Amino acid sequence: MAQNGLTLARIVPDQRAVAIPGPQTRKSLNSRQKAAVIVRFLLTEGTSLPITSLPDHMQSALAEQMGQMRLIDRATLDTVVAEFLAELESVGLSFPGGIEGALSMMDGHISQSAASRLRRMAGASSKVDPWDRITALPVDRLMPALTDEAVEVAAVLLSKLPVAKAADLLGKLPGEKARRVAYAVSMTGNVDPETVRRIGVALLADLDNQPVRAFDTGPIERVGAILNVSPALIREDVLTGLEAEDAAFAAEVRRAIFTFVHIPARLAPRDAPKITRLVEQPMLVTAFAAAQGKPGLEEAAEFLLANISQRLSQGLREEMATRGKVKDRDAEEAMTAIIAAIRSLETSGELTLVQPEEED
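Rules of the game
Residues numbered from 1 in each chain as written. Predicted model: local features only at pLDDT ≥ 70, side-chain atom pairs only at ≥ 80, totals over all residues. Heavy atoms only, no water. Helix = DSSP H or I, 4+ residues; strand = E, 2+ residues; numbered from the N terminus. Buried < 20%, exposed > 50% of the residue type's maximum accessible area, 1.4 Å probe, protein only. Areas by Shrake-Rupley, 256 points an atom, 1.4 Å probe, with all protein chains shown as cover. Core = buried A, V, L, I, M, F, W, Y, C linked by side-chain atoms within 4.5 Å. Expected span 1.5 Å × (residues − 1). Arc of directions from axis to C-beta. Contact = heavy atoms within 4.5 Å. Axes fitted to C-alpha atoms, helices over the stretch in contact; angles between N-to-C directions. Left-handed = near helix turned anticlockwise from the far one by under 90°. Nonpolar A, V, L, I, M, F, W, Y, C, P; charged D, E, K, R; others polar. Parallel < 35°, antiparallel > 145°, perpendicular 65-115°, else oblique. Patch = residues over 30% accessible without salt bridge, like charges linked within 9 Å, V, L, I, M, F, W, Y side chains within 5 Å. Salt bridge = Lys/Arg side-chain N within 4 Å of Asp/Glu carboxyl O.

A.B. asks: Mind showing me how you'd approach the overall build of the protein here?
C.D. replies: When helices and strands are tallied, the protein shows 23 helices and 0 strands. Taken across its 360 residues, the protein has 30% of its residues classed as buried. Here the protein has roughly 22,500 Å² of accessible surface; of this, 55% comes from carbon and sulfur atoms.

A.B. asks: Before we go on, may I ask you to explain the nonpolar core in this structure?
C.D. replies: Counting 34 residues, the largest nonpolar core has Phe-260, Ile-263, Leu-267, Phe-288, Ile-338 and Ile-342 as the members making the most contacts within it. Of all the elements in the fold, those that place two or more residues in this core are helix H18 (272-278), helix H19 (281-291), helix H20 (297-306), helix H21 (310-321) and helix H22 (328-347). Ranked by residues supplied to this core, first place goes to H22 with 8 residues. Counting residues in each nonpolar core, the second largest holds 24 residues, with Ala-145, Val-156, Leu-157 and Leu-203 among its members.

A.B. asks: Looking at this structure, I do not really get helix H15 (residues 232-245). What am I missing?
C.D. replies: Side chains of residues three or four places apart in an α-helix project in the same direction, reflecting 3.6 residues per turn. Helix length check: H15 (14 residues) gives 20 Å between terminal C-alpha atoms against 20 Å at 1.5 Å per residue, within 8%. Listed in full, the buried residues belonging to H15 are Arg-235, Leu-239 and Leu-242. Projected down its long axis, H15 shows its buried positions confined to an angular sector of 60°, all on one face. Exposed residues on H15 whose side chains face more than 90 degrees from its buried face are Leu-233, Asp-237 and Ala-244. Structurally, H15 contributes buried residues whose contacts are with helix H14 (219-228) and helix H16 (247-256).

A.B. asks: Explain the packing of H19 against H21 here, please?
C.D. replies: To describe two helices that pack against each other, one gives the angle between their axes and the distance between the axes. It is at 9 Å that the axes of H19 and H21 come closest, and there the two elements cross at 65°. Read as a crossing pair, H19 and H21 show a hand that is right-handed. Residues Gln-281, Leu-284, Val-285, Phe-288 and Ala-289 of H19 touch H21, and the partners they reach there are Leu-312, Leu-316, Glu-319 and Met-320. Along the lines of polarity and charge, the residues of the contact of H19 with H21 split into 7 nonpolar, 1 polar and 1 charged.

A.B. asks: Mind showing me how you'd approach the packing of H14 against H16 here?
C.D. replies: Packing of H14 against H16 leaves a shortest axis separation of 8 Å and a crossing angle of 55°. In this view, H14 runs oblique relative to H16, as classed from their interaxial angle. Every pair of crossing elements has a handedness; the one defined by H14 and H16 is right-handed. Counting all contacts with H14, which are made through Pro-219, Ile-220, Val-223, Gly-224, Leu-227 and Asn-228, the residues of H16 involved are Phe-249, Glu-252, Val-253 and Ala-256.

A.B. asks: I would appreciate a short explanation of the environment of Gln-33 in the present structure.
C.D. replies: Considering the arrangement of structural elements, one finds Gln-33 in helix H3 (residues 31-44). Separated by 33 residues in the primary sequence, Gln-33 and Met-66 have C-alpha atoms spaced 7.8 Å apart. Excluding its chain neighbours within four sequence positions, the residues that come into contact with Gln-33 are Ser-28, Gln-65 and Met-69.

A.B. asks: Teacher, can you tell me more about a nonpolar patch on the surface here?
C.D. replies: Taken together, the side chains of Phe-84, Leu-85 and Leu-88 make up a nonpolar region of the molecular surface, amounting to roughly 260 Å² of accessible area. On the secondary structure map, Leu-85 appears in helix H5 (residues 74-90).

A.B. asks: Which parts of the structure should I look at to understand the pattern of salt bridges?
C.D. replies: Where side chains of opposite charge bring their charged atoms close, a pairing between them can arise. On inspection of all chains with the given rule, the structure shows 10 salt bridges. Between Lys-34 and Glu-83 there is a salt bridge; the shortest N-O distance is 3.0 Å. Placement of Lys-34 in helix H3 and of Glu-83 in helix H5 is noted, with a sequence separation of 49 residues between them. We classify Lys-34 as partly exposed; its relative accessible area is 22%. Of the charged contacts in the structure, one is a salt bridge between Arg-254 and Glu-243, with a shortest N-O distance of 2.9 Å. You can see Arg-254 sitting in helix H16 and its partner Glu-243 sitting in helix H15, a full 11 residues away along the chain. Its relative accessible area of 34% is what places Arg-254 among the partly exposed residues.

Structure follows, in structure tokens:
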């Protein structure tokens, strides 16, 4: 191998052949050189390496080291690979490295206030790319940054986001602001990477400075969820009072409410069998029997009966015929059970309700 390397050096004068004939020379490789050997070997084998996840200075050091090396003999390669595998096998536990990795691992196990404080610390570190977190945030979290910041900052934000998310955000801006931001995007071609990183750090700091929310959902969703399972008389009485106090809020709450009469308009026919599997048959019979002859309620019952198996539908209709008069309290309880089942399936992601806007 050494002879071949010296021959190659004569053929290509500007390349240095590194011939490593014996064990003593192999031991002279430092850790950076060994890392370069492993990376070169894995790339030769077609392995995809997440080198971009390393800090920039480590990527640069690795590239520089690979640029300085030339030839490695087979014995040296075997020794370095064997040492690398031995180190891998000796590892009993690994940690993600960095605050961001630790936060991802501990998500749900520490308080929101502690997580926010740690994210601010991570954002101040020059080794953390703020755009990794910014691009992962939902549109509603990013919207204030787009509307409150200067158009130049908004243009950088849109340029760093995935195209679909950027289009969604741009579509939510007022026409004049959207046009100004879109034009500003055309001026971002010469912005240097360090400026973009600093903009990301500032945006992330502002986003993390938002106060921790005590509730996972907004007031409209919470009021709507409560009224969903409230008796109809109480629900209408509360909505009437809300309309007198705040008509806009009451209108939003009405849109968030989903009751038995909304089933035909907002439930997909293919999802009807899922409801009948969750709700006990006596409850279904009670709800459907109570709905007969009542506008809105009867249509909802017929919708469910028409979109389940014929055998089950026929059996339910036969029991409805012999059910007799249903007390209002029993009817309310049975219909609430069906609504609760639908909401449960929606929360778990097994069905999606049609929104009123989609109807329009």
